[in-house]
Amino acid sequence: MAVYPVIMCGGAGVRLWPASRPDRPKPFAQLIGPRSSFQETVLRVAPLGHCVVVGGIAHAGLIAAQLAQLGVTADVLLEPEGRESAAAMAAAALHILARDREGLMVVVAADHHIPDAAAFQADVRTALEPAKLGRIVTLGVKPTTPSSAYGYIKPVAGQGARLIEAFVEKPDRARAVEYLAHGYLWNSGNFVLPAELLIRELTSHAPEILTAARAGLAQAVEVDGTWRLGEGFLASPKLSIDYAVMEKTGRAMVLPVEFAWSDLGAWDAVMDGLAQDEMGNHLQGKAVALDTAGSLIRAGAGTQVIAIGLRNLAVVSELGKILVCDLDSSQSVKAGVEALRGLGPAGFSSLEEASTWYDQWVRTAALPLWWTLGTDHDRGGYLEALSVNGDPRPAPRRGRVQGRMIFTFAQAGAMGWAGPWRAAARHGIDYLTQHFLRPDGLIRTLVSLHGEPLDETAAVYDQAFTLLGLASLHAVDPGHVDLVKL
């Protein structure tokens, strides 16, 4: 019976703001060590079998890039929108069953920290034995502290894998102390089970989730080893697997495990997993700590942080966003992020304030950047991309990019930009007519860095952007663009 690790990449990780963001959520951030939590998870479970990754379509590039860095291949299912763990597991189970009717799933979260991979793998292999007999086995971690950050499982008395008496939500500290005294386990969210059994349990307890997962897979489009689930997936209710199945099934068991485990749910948990100096501090980036103890100081790229006289604080700076909080209050970061969102997009208090800021940014930063660094003043035309340091990224030129940039500089003229919008737009027109214009008057798709034709296809997309750019420039500079001739 083959084993298929299923890596779940859901969740926003808001409590780890600003390192965790919508464009790079917690699984893909470097929190402990040089690799992301997702990469560490892949390396931990890949020896067990062929991996299946379930993530959001917005993070397809991150998943592909981080797998490639490891040299690991996996089947990747991309959700159009997250629907919690039950729907994600349903889609993975159906995908596995399509290739292996006896496949066993080892379901893990992509953002957990388990430093002892060998111990984890050994416990999973122990859990596989009852799973082969038709059980859903969850791994229950023996608590080391009375944490109120985790859910708990109450097992029945016995040895090895046991039946489950109750699942318990996150308690307050006093209740957590009581749970430790009575042998409760932390709910790690790791599951070992036959894929076929999960489908049967969903049929009994949450059929609407299964129906939506089937629809999403039936509509899926395969692109380079990834399956992009269709819109039917969105019909699934948002339910965790605990609510949808585990609290209702008679097939559940828990295996107590003793390996070190953390869900890295907040900055205090991250701090616990990091190496610390003699003062109990952990410093990352260009950070200096004086008369400071028990603190996490994380300076992102382009940032310098000096901490003086701090105790038990997290100071995290990334991309112009700064968090300062007591580590004991790090579970409240989510509330702070929600309050910040209440200020409006990017922290603006009104649309007028946002409009003023972006207007200034376009005039003083974006347009000057793309005329000075984003334009090829040697070969002609506009570049495809720049690095974060402003270095050109050599690549063949696309017709649509030339049309878009002509439109951009024409719009700059229309809005009264004081910069050289006319010269910038005409630069693009000259390059377009010299290198992209076919004899029949249509625009070819692709030319080389030196302007030689690479793809003669006249795609509608390229024609549309060319017309948009030419028409926009003609509207503000009619003396230069002869639309009839072109």
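Residues numbered from 1 in each chain as written. Predicted model: local features only at pLDDT ≥ 70, side-chain atom pairs only at ≥ 80, totals over all residues. Heavy atoms only, no water.

A. Structural context of the packing of aromatic side chains. One pass over the full model with this rule turns up 13 aromatic pairs. Between Phe120 and Phe259, the ring centres sit 5.7 Å apart and the planes meet at 65 degrees, which makes this aromatic pair edge-to-face. Pair noted here: Phe120 is in helix α4 (residues 117-132) and Phe259 is in the loop between β11 (252-257) and α9 (267-272), with a separation of 139 residues, a long-range link. In this pair, the class of Phe120 matches that of Phe259, namely buried. Taking 4.3 Å as the distance between ring centres and 10 degrees as the angle between the ring planes, the aromatic pair formed by Tyr179 and Tyr184 counts as stacked. Of the residues examined, Tyr179 reaches a relative accessible area of 8% and is grouped as buried. Judged by its relative accessible area of 12%, Tyr184 falls in the buried class. Within the aromatic cluster, the residues linked to one another by ring pairs are Tyr150, Trp186 and Trp261. Across the ring face of Phe120, the terminal group of Arg44 is positioned such that the distance to the ring centre comes to 5.3 Å. (Phe/Tyr/Trp six-rings, centres within 6.5 Å; stacked < 30°, edge-to-face > 60°. Helix = DSSP H or I, 4+ residues; strand = E, 2+ residues; numbered from the N terminus. Buried < 20%, exposed > 50% of the residue type's maximum accessible area, 1.4 Å probe, protein only. Lys NZ or Arg CZ within 6 Å of the ring centre and 35° of its normal.)

B. Spotlight on the sheet that holds strand β17 (residues 321-326). Judged by pairing direction, the sheet is mixed, and its four strands sit side by side in the order β12-β14-β16-β17 without closing on themselves. Only two strands of the sheet have a single neighbouring strand rather than two, namely β12 (282-284) and β17. Strand after strand, the sheet turns through a mean of 5 degrees between neighbouring axes, direction not considered. Where strand β16 (residues 313-318) meets β17, six bridges bridge the pair, whose relative direction is antiparallel. Its bridge partner being in β17, Glu318 is matched across the sheet by Lys321. (Pairing = 2+ DSSP bridges. Axes fitted to C-alpha atoms, helices over the stretch in contact; angles between N-to-C directions.)

C. Structural context of the environment of Ala425. Relative to the helices and strands, Ala425 is located in helix α13 (residues 421-435). Judged by its relative accessible area of 0%, Ala425 falls in the buried class. Distance in space between the C-alpha atoms of Ala425 and Tyr150 is 58 Å, their sequence separation being 275 residues. Contacts of Ala425, omitting those with residues within four sequence positions, involve Tyr382, Ile406, Phe409, Ala410 and Leu473. (Contact = heavy atoms within 4.5 Å.)

D. Broad picture of a nonpolar patch on the surface. On the surface, a cluster of nonpolar side chains totalling about 400 Å² of accessible area is made up of Val288, Leu290, Ile306 and Ile308. For the nonpolar patch, the secondary-structure elements that each account for two or more residues are β13 (286-290) and β15 (304-308). Its place among the elements puts Val288 in strand β13. Under the relative-accessibility criterion, Val288 is labelled partly exposed at 42%. (Patch = residues over 30% accessible without salt bridge, like charges linked within 9 Å, V, L, I, M, F, W, Y side chains within 5 Å. Areas by Shrake-Rupley, 256 points an atom, 1.4 Å probe, with all protein chains shown as cover. Salt bridge = Lys/Arg side-chain N within 4 Å of Asp/Glu carboxyl O.)

E. Structural detail: the side chain of Ser317. Summarising the element assignment, Ser317 is placed in strand β16. The exposure class of Ser317 is buried, given its relative accessible area of 4%. Residues contacting Ser317, with those up to four places away along its chain left out, are Arg298, Ala299, Gly300, Thr303 and Ile322.

F. Local environment of the pairing of β16. Along β16, six of the six residues are buried, which leaves the element largely enclosed by surrounding structure. In β16, alternate side chains face the same way, and those of Leu313, Val315 and Ser317 on one face and Ala314, Val316 and Glu318 on the other are all buried. For strand β14 (residues 296-299) and β16, the ladder comprises four bridges, and the chain directions are parallel. In the sheet register, Ile297 faces β16, and the bridge partner there is Val315. From the end of β16 to the start of β17, which pair antiparallel, there are two residues, and Leu319 there has a positive phi angle of about 50 degrees.

G. A look at the side chain of Asp100. Of note, Asp100 is situated in the loop between α3 (84-97) and β4 (104-109). Salt bridges are absent for the buried Asp100, whose nearest opposite-charge side chain, Arg99, sits at 6.7 Å. Here the side chain of Asp100 touches Tyr4 through a polar contact of 2.9 Å, side chain to side chain. Beyond its immediate stretch of four places on either side in the chain, Asp100 contacts Ala2 and Tyr4. (Lys, Arg positive; Asp, Glu negative; His and termini not counted. Polar contact = N/O pair within 3.5 Å; in protein donor to acceptor, adjacent residues only side chain to side chain.)

H. Fine view of the packing of helix α11 (residues 351-372) against helix α12 (residues 399-414). Relative to each other, α11 and α12 sit at 130 degrees, their axes nearing to 12 Å. In terms of orientation, α11 and α12 fall into the oblique class. With respect to the hand of their crossing, α11 and α12 are arranged in left-handed fashion. In contact with Leu367, Trp370 and Trp371 of α11, α12 contributes Met405, Thr408, Phe409 and Ala412. Taken together, the residues that form the contact of α11 with α12 break down as six nonpolar, one polar and no charged. (Parallel < 35°, antiparallel > 145°, perpendicular 65-115°, else oblique. Left-handed = near helix turned anticlockwise from the far one by under 90°. Nonpolar A, V, L, I, M, F, W, Y, C, P; charged D, E, K, R; others polar.)

I. Spotlight on the sheet that holds strand β18 (residues 397-398). The strand order across the open sheet built from three strands is β18-β19-β20, with neighbouring strands paired in antiparallel fashion. The strands lining the two open edges of the sheet, one partner per strand, are β18 and β20 (453-455). Where β18 meets strand β19 (residues 446-447), two bridges bridge the pair, whose relative direction is antiparallel. Directly across from Arg397, in β19, lies its bridge partner Val447.

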